[in-house]
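Report on the structure
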Amino acid sequence: MAKVAEKVPKKAVVVEPERVPISGVVWFVRRLTRNRLSLAGTVIILLFILVAILAPVLAPPPEGWRDPYMIPHEGYAPDPLPPSQAHPFGTTEQQFDIYYGVIWGTRTAFKVGIVVVGVSLLIGIVLGALAGYYGGRLDEALMRLVDIFYAFPSLVLAVVVVAILGQGLEKVMIALILVWWPTYSRLLRGEVLSVKERDFVEAARALGESDWRIILRHILPNTIYPVLVVASLDMGAVVLVAAALSFLGLGAPTGYADWGQLASFSRQYIIGVAGDPFQYWYTLFFPGLAIFLFVLGWNLLGDAFRDILDPRLRGTM
Amino acid sequence: MTAYIARRLVLLPIVAFGVTLLIFILLQLLSPAMRAALFVTDPRQLQALHEIIKTYQLDAPFHIQYWNWMKAVLTGNWGWSETARMPVLQAIKAFFPNTFELALFSFIPILLVGIWLGTLSAVHRDRIIDHVSRFFGISGYSLPTFIWGLFLLMLFYGHFRWFPPGRLSLEASLYVNSPEFRRFTGLLTVDALLNGQFWIFVDALRHLVLPVLTLTVHDTALLVRITRSSMLEVLRQDYVRTARSKGLAEPVVINKHARKNALIPVITLSSLLFVGLLGGVVITETVFEYPGIGRWGAAAALHLDIPAVAGFALFFATLTVLGNLVADILYAYVDPRIRLR
Amino acid sequence: MRRIIGGMVTLTLILSLVFLTGVPSSAQAVKNPDTFVLATIGDPETLDYAWAYDTASFEVIFNVYDTLIFYDGSRTDRFVPGLATQVPSVANGLISKDGRTYTFPIRQGVKFHDGTPLTPDDVAYSIRRFLWIDRAGGPSSLLLEPILGVTGTRDEKGNIKVTYSDLTRAVRVQGNNVVITLKEPFGPFLSIMAQWSYVVSRKWAAANGDWDGTRETMRKFNNPKKEDTAFFAKANGTGPFKLVRWDRAAREVVLERNDNYWRTPPKLKRVIIRTVEEAATRILMIKAGDADQIALSRRELPQVQGVEGVRIIDDLPQYLISPALFFTFEIDPTSPHIGSGKLDGNGIPPDFFKDVHVRRAFAYSFDYGAYLRDAYRGKGVVPKGPIPPGMLGYNPKQEYYTYNKEKAIAEFREAWGGRVWTTGFKLTVLYNAGNVPREIGARMLKENIEALNPKFKVDIRALPWPTYLAEMDAHKLPVFFIGWLADYPDPHNFAFHFLHSKGTFPFVQKYANPEMDKLVEQAKSEPDPKKREALYFKLVDMAYKEVPQLYLVSPVVFTVLRSWVKGYYYNPVHPGTYFYPISKG
């Protein structure tokens, strides 16, 4: 829903084009931890980062295992097993270890989020800055292109792309990048437009600075913050959409350490066996909780960034 | 203003066809054999693959295929959808009213609950109600739709048997399809009332409960947050403080002065929200076996049903552009600062 | 503030009350006693008896139309009269002594659903249309081959090679009989007729825009598009049920009792076949009694076992081998699944599987027992050959491969003069996405082979069905899984398509063995059943030694019904549920 959120009118953030001093960093961290919710968000994300880094320690792959992202399984028995000593979160059908999947899935989640948001951001910044700064025909063309991408419901576009390219995480990432880049282009372009006419930019131009320098040194640093807010919110949104794609049968292959993939296993067990509808609760609960907390953390963090970076809203969240 | 609208309307067909061009370009990544495989259900038919390619002209060059399709569309022939087993236009006519109905029944609660909770939250800032609503807001925003939907299905159908999946129960479905039932709008709830069949109205409503509950969570959460922040900002404004100091009762202050202005972003969002709902129903419709356009669109994409995907794209592009246009008009109308752009 | 708290407490109380009570599940009274609801997983493709080739379509067709003869109950080797009054045999003279002419006396007094009477002319028309329509990838070749001796009506360039006279000569009306003359004697002919000789009304077809049966108009009815035939979504048959509508938006087919059926009309007043893709929903439907029968996969079966009111009939045989594992003998060099394309440790050469040692090594690397146990819950049999159990030619004593690491290593060591073992290889095993048993098979193969030698790298990949078929056609899949369901209950159908060079699978595999071809053809026309069986035994043994394919499972199937369903019977050849004898209560 970043598309919708971005239509809320915002005035440009005013930050002077200077290096952020050390005291600025301290100030930033203090603002971040002052509010209970933003503290929660920070802690959650830090924990996830820790788990991702420590994955090989927390869930070591078996000896000689070719690809650590493929979840190990003891045998191929079709019924999930409940949590036990050997499998703290239980197993799915075909005996994939849920605990292993959740731990290594953290890395997958970050990978997908960072790649999709990062590349979309890059494309968006380049195109948005150029369109916003130079305006005219370039701007028109870009905006029409953005309109075209926007006119398509994002999930269906993603499904079409993955269906054509084939199943797999890389294809999912490509599809999501195609869906996400317009958001950043439009956002950045809007910000560039409002900063373009400011005094210090006029001054720089009068001083004879080249366009590139103006864009890089003056305009971008002043326009990047709202984009960063959306980017951090999108880290969570991307994982949600990737999970939805796994639910539809696109996405990571079976047995891959991906939360959406794990959660989609539970689909047929939502009913459970006769007499006990909650029998296979763990197949949904653990991956579902992981997705939920990850997205929650980024949402809280994104909100916190917004508080800190947008003085107009300071004190309102 | 009119010039602005006119200009946007002129761009509409360009954008709409741009979307279909995009899809066709993507579909070029498929070999003719893959596109022919849509018509083949069994390996024993493999030897016929080449004949199928010839029959449906699947190996014609890209621009010919696109041109053929465009020509057909402009004359009202949007092609045949394999996944729907009917012509594309007919499929759109069959599925869209259901999705529209679902979106409508979701839209109203989203607006009402979102605005009410958001206002309440802003007014009672930092008190219990604020924390609770913010918690629900942010949780609702973070939960994957399909998980929530499946859980609801299990609880309210599996355990309680109250709200079944699908669009109508057996008896209602048989009656609706019989010649005694006249369709006026395509919306089953409205048509049921217009036909005087109250039990069908109830039945249709009953099947909407769970999909609506699933669909609304995400957007209600969003709306609560937006209303809240917008309201908070307005409440800090001078004119509100002035109204308060004049001695006006608090409810009057909120309802008469603050709310109107706070709702500006909400109003402009609403048409976008509605179109977003229409597009976002894919997962919900799939989980609940709801015969809407989202489920068909996703199935078509999954099966590489090209005419269906292209037709769906065109239809939705038009809808989205119109929705955006309405949003911009509303925005310009409601916020006089922008009107003179 | 207080009001809010008060409201929340009340809400919590109500919710907890609701949560704790729920709806008790008790013995239910029969829901919708005269309507049968079937929740299945796929929509029909078309209701045209001559166009369709999938079970979902035929599940409707075979309840709405009748054939000339039927299978006798659950038997697949005995027939009873249908729209013909007698089953042709040599004994009653309705099969000529040379085995080439079949005479079907047509029943009188039968009416179509629109009230018009059935005539032998309609029968002749129906069969001629089935032959003539010959849509690409359709079932027409099943009758074209025995009757006209051709596999299709068109040659490679698309020119028609079958004439109207051919059709009228081969399928004639003689008084009250319809006489069919075959090109050559063909043992399984009656089986094919029992399954495929649906009868439609010629006048109705003509009135609805389809072929009127004459020479003048026939050209445009050859290889029509699916949606262009009159029979696509409409039906007018003689069967026990009439088509009320096929609602493609709601994905349901509604059938109604034919009160003028030529046998006793069915007990059910209405049948509704609904497509419900979510297994969870289907399970909930049968638990609630909203469905009387549901389609389900073996994997999901435990969720309905032991549920009150639900009856499961298991261990039902089927003439099915699914999956079998296929090797491609000449892989397309541009295939993305063969790595470097050379035997350098990072790929395989396109003719990798031409060496029998490689194939044998793969054969010994597969754990058939564990596969049957884990992917099929033990419900099925390893067929050991391309002929499934229950069919003539199935040899339960046939020697077959078992999971044997030492033998696998020995074979790998001999493969390609030892190079395979020392250099290693890399390839991808493919299966069609969404098919869990095949996915398990692929994974088993991968892990077992990789465990033999660290230089062996086997990847597995799921392909969506269109891609899977397209790449099969292009010979790009080095190793792939696929199954085969009988077109008719005769071993020739399996032997031909698995082992004959013109059959479906050898075509994809680019495999041809002239000796096998000769044996298949010989066995097809051998009249003596004992001799025929011996020939098929020989064929199966050849397939074991040469191992062009691995025959993994012939699964048994099950059906899930509400216990109030009565009269249901199963026949392995039926494409779906036969609603005629069913009642509820």
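Here the structure is a predicted model, which is why all the values come from computation and not from measurement.

Of the regular secondary structure elements, chain B holds 16 helices and 2 strands. Along the longest, intermediate and shortest principal axes, the C-alpha atoms of chain B span 85 × 55 × 40 Å. The proportion of buried residues among the 341 residues of chain B is 61%. Only carbon and sulfur atoms are counted for the fraction: they give 68% of the accessible area of chain B, which is about 14,000 Å². Computed over 29 positive and 20 negative side-chain charges, the separation of the two mean positions in chain B equals 9 Å.

A separate point is helix α17 (residues 514-525) of chain C. Because an α-helix completes one turn every 3.6 residues, residues spaced three or four positions apart along the sequence face the same direction. Residues and elements named next belong to chain C. A rise of 1.5 Å per residue sets the reference length of α17, with its 12 residues, at 16 Å; its end C-alpha atoms lie 17 Å apart and thus fit the reference within 8%. By the burial criterion, the buried members of α17 are M516, D517, L519, V520 and A523. One face of α17 carries all of its buried residues, which in axial projection span an arc of 165 degrees. In this structure, α17 carries P514, E515 and K518 as exposed residues pointing more than 90 degrees from its buried face. If you follow the buried residues of α17, they end up packed against α15 (491-499) and α18 (529-546). Measuring from the backbone nitrogen of E515 back to the side-chain oxygen at the start of α17 gives 2.9 Å, which picks out N513 as the cap.

Our next topic: the interface of chain C and chain A. The interface is formed by 28 residues belonging to chain C together with 22 residues belonging to chain A. Here chain C and chain A share an interface that buries about 2,100 Å² over both sides, 46% of which is from carbon and sulfur atoms. The three residues of chain C that bury the most area against chain A are R299, Q303 and R443 of chain C, which together make up 26% of that side's buried surface. Inspection of the region where chain C meets chain A yields 4 salt bridges. With its nearest N and O atoms 3.2 Å apart, the salt bridge here joins R66 of chain A to D459 of chain C. On inspection of chain C and its partner chain A, the count reaches 10 residue pairs in polar contact (both at pLDDT 80 or more). For the side of chain C that touches chain A, the secondary-structure elements that each account for two or more residues are α8 (279-288), α13 (436-450) and β15 (456-463) of chain C. Ranked by residue count, the leading element in the side of chain C that touches chain A is α13 of chain C, at 8 residues. When its residues are assigned to classes, the side of chain C that touches chain A shows 10 nonpolar, 3 polar and 15 charged.

Turning our eyes to something else, we now look at the sheet that holds strand β5 (residues 171-174) of chain C. Residue and element names in this part refer to chain C. Reading across the sheet, the 3 strands line up as β4-β6-β5 and stay open at both edges, with antiparallel pairing between neighbours. Since the sheet does not close on itself, it has two edges, and those belong to β4 (101-105) and β5, each with one partner. Here the strands of the sheet are splayed against their neighbours by 25 degrees on average, with no regard to which way each runs. Two elements, β5 and strand β6 (residues 177-181), share 4 bridges in a ladder whose sense is antiparallel. Residue pairing across strands places Q174 opposite N177, the latter belonging to β6. Seen against the sheet, helix α3 (residues 120-133) touches β5 and β6 and runs at an angle of roughly 175 degrees to β5. Strand contacts of helix α6 (residues 189-196): β4 and β6, with the helix running at about 40 degrees to β4, the strand carrying the most contacts.

Moving on: the sheet that holds strand β14 (residues 425-432) of chain C. All names here are of chain C. Spatially, the 5 strands line up as an open sheet ordered β15-β14-β16-β12-β17, and their pairing is mixed. In this open sheet, the two edge strands, each paired with only one partner strand, are β15 and β17 (549-551). Pairwise comparison of adjacent strand axes, ignoring direction, gives a mean angle of 25 degrees for this sheet. Two elements, strand β12 (residues 320-327) and strand β16 (residues 479-485), share 6 bridges in a ladder whose sense is antiparallel. From the neighbouring strand, F326 faces β16, where its bridge partner is F480.

Next up on the list: the pattern of salt bridges. Residues and elements named next belong to chain C. For the coordinates displayed, the defined rule picks out 39 salt bridges over all chains. One salt bridge connects E252 with R245, and the closest N-O pair in it is separated by 3.4 Å. Each member of the pair, E252 as well as R245, is classed as buried. Note that D541 and K545 form a salt bridge whose closest N and O atoms lie 2.5 Å from each other. Residue D541 and its partner K545 are both found in helix α18; the two are separated by 4 residues, about one turn of the helix. On the basis of relative accessibility, which here comes to 48%, the residue K545 falls in the partly exposed class.

What follows covers the interface of chain B and chain C. At the interface, 52 residues of chain B touch 62 residues of chain C. In this assembly, chain B packs against chain C so that about 4,900 Å² is buried in total across both faces, 61% of it on carbon and sulfur atoms. Taken together, the connections running from chain B to chain C amount to 1 salt bridge. Put simply, E82 of chain B and K226 of chain C hold a salt bridge, and the shortest N to O gap is 2.7 Å. At the boundary of chain B and chain C, one finds 5 residue pairs in polar contact (both at pLDDT 80 or more). Of all the secondary-structure elements, those providing two or more residues to the side of chain B that touches chain C are α2 (32-36), α3 (49-55), α5 (88-123), α6 (128-142), α7 (145-159), α8 (170-176) and α13 (282-287) of chain B. When its residues are assigned to classes, the side of chain B that touches chain C shows 30 nonpolar, 13 polar and 9 charged.

This brings us to the confidence of the model for chain A. All names here are of chain A. Of all residues in chain A, 86% attain a pLDDT of 70 or more, and the chain-wide mean is 81. Taken element by element, the predicted model of chain A shows its lowest mean pLDDT in helix α1 (residues 2-5) (44) and its highest in helix α4 (residues 55-58) (93). The low-confidence segment residues 1-20 (pLDDT under 50) makes 47 contacts with residues lying over four places distant or belonging to another chain. Between residues 313-317, whose pLDDT stays under 50, and residues either more than four places distant or in other chains, the model counts 18 contacts.

The rules behind these values
Residues numbered from 1 in each chain as written. Chains lettered and ligands numbered in written order. Predicted model: local features only at pLDDT ≥ 70, side-chain atom pairs only at ≥ 80, totals over all residues. Heavy atoms only, no water. Helix = DSSP H or I, 4+ residues; strand = E, 2+ residues; numbered from the N terminus. Buried < 20%, exposed > 50% of the residue type's maximum accessible area, 1.4 Å probe, protein only. Areas by Shrake-Rupley, 256 points an atom, 1.4 Å probe, with all protein chains shown as cover. Lys, Arg positive; Asp, Glu negative; His and termini not counted. Charge placed at Lys NZ, Arg CZ, Asp CG, Glu CD. Expected span 1.5 Å × (residues − 1). Arc of directions from axis to C-beta. Contact = heavy atoms within 4.5 Å. Polar contact = N/O pair within 3.5 Å; in protein donor to acceptor, adjacent residues only side chain to side chain. Buried area = accessible area lost by both parts, 1.4 Å probe. Salt bridge = Lys/Arg side-chain N within 4 Å of Asp/Glu carboxyl O. Nonpolar A, V, L, I, M, F, W, Y, C, P; charged D, E, K, R; others polar. Pairing = 2+ DSSP bridges. Axes fitted to C-alpha atoms, helices over the stretch in contact; angles between N-to-C directions. pLDDT = per-residue confidence, 0-100.

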